[in-house]
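# Architecture at a glance
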Amino acid sequence: MADPAPYYSAHVFCCVNERPEGHPRGCCKRKGAEKLRNYMKARAKELGLKDVRINQAGCLDRCELGPTMVIYPEGVWYSYNSIEDAEEILQRHLLKGERVERLMLQPEDKLPEDRIAKSAQ
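Quick summary incoming for the structure in this document. Keep in mind the model is a prediction, meaning the values are calculated, not measured. Each chain carries its own residue numbering, running from 1 in the written order of its sequence. Totals for whole chains, interfaces and linings use all residues, but because this is a predicted model, local features are given only for residues with pLDDT of at least 70 and pairs of side-chain atoms are given and counted only at 80 or more. Only heavy atoms go into the side-chain values, all of them from the structure, while hydrogens and water stay out.

In the sheet, strand 1 (residues 10-15) pairs with strand 2 (residues 52-57) via six bridges, with the strands oriented parallel. Residue Val12 lies in a different strand from strand 2, and its bridge partner there is Ile54. Whether a crossover is right-handed depends on one test, that the path from the first strand over the helix to the second runs clockwise when the strands point away from the viewer. Helix and strand assignments come from DSSP, with helices taken as H or I runs of at least 4 residues and strands as E runs of at least 2, each series counted from the N terminus. Regarding the hand of the β-α-β motif, the stretch spanning strand 1, helix 1 (residues 33-46) and strand 2 is right-handed. Two strands make a pair as long as DSSP finds a minimum of two bridges between them.

So this is what it looks like as structure tokens:
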């Protein structure tokens, strides 16, 4: 039996997990993730992205790199920190099918320093 057709062309999971104040790994919510997710959801609607679903998620286990999101079906991970970052992901990834390489996370990225070192190369 074949898989059923997907409900959405893209499904975006935005971490809004909250940890106690002072937790060594931090959390996306304290880094503004809820505001960013709300922006993306409202903006996707404004842009007419009817076949794109923006959801909040619990911990995606990239807390140190947050706020983070993952977009399926591609499985592309992003770290985004501003409305401008969120808008760029909406415009380039979700509207044009491109990637925002400067915001993409790689499996080996564990700490913010990993991304800084990678971008300096």
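A word on the layout of surface pockets. Empty space within the largest pocket amounts to approximately 180 Å³. Looking at the largest pocket, the residues that line it are Tyr8, Lys41, Ala44, Lys45, Gly48, Leu49, Lys50, Val52, Arg53 and Ile54. When residues of the lining of the largest pocket are traced back to their parent elements, those giving at least two are helix 1 and strand 2. Amino acids are sorted into nonpolar (Ala, Val, Leu, Ile, Met, Phe, Trp, Tyr, Cys and Pro), charged (Asp, Glu, Lys and Arg) and polar (every other residue, Gly among them). For the lining of the largest pocket, a count of residues per class yields five nonpolar, one polar and four charged. Only protein atoms enter the 1 Å grid used here, on which a cavity is any set of points holding a 1.4 Å probe that cannot leave and a pocket is any open set flanked by protein within 12 Å on both sides along at least five of seven lines; residues with an atom within 4 Å of a point are listed as lining. Grid points are joined across faces, edges and corners, and a volume is the space filled by probe spheres set on the points.

No statement about biological role is implied by the geometric values presented.
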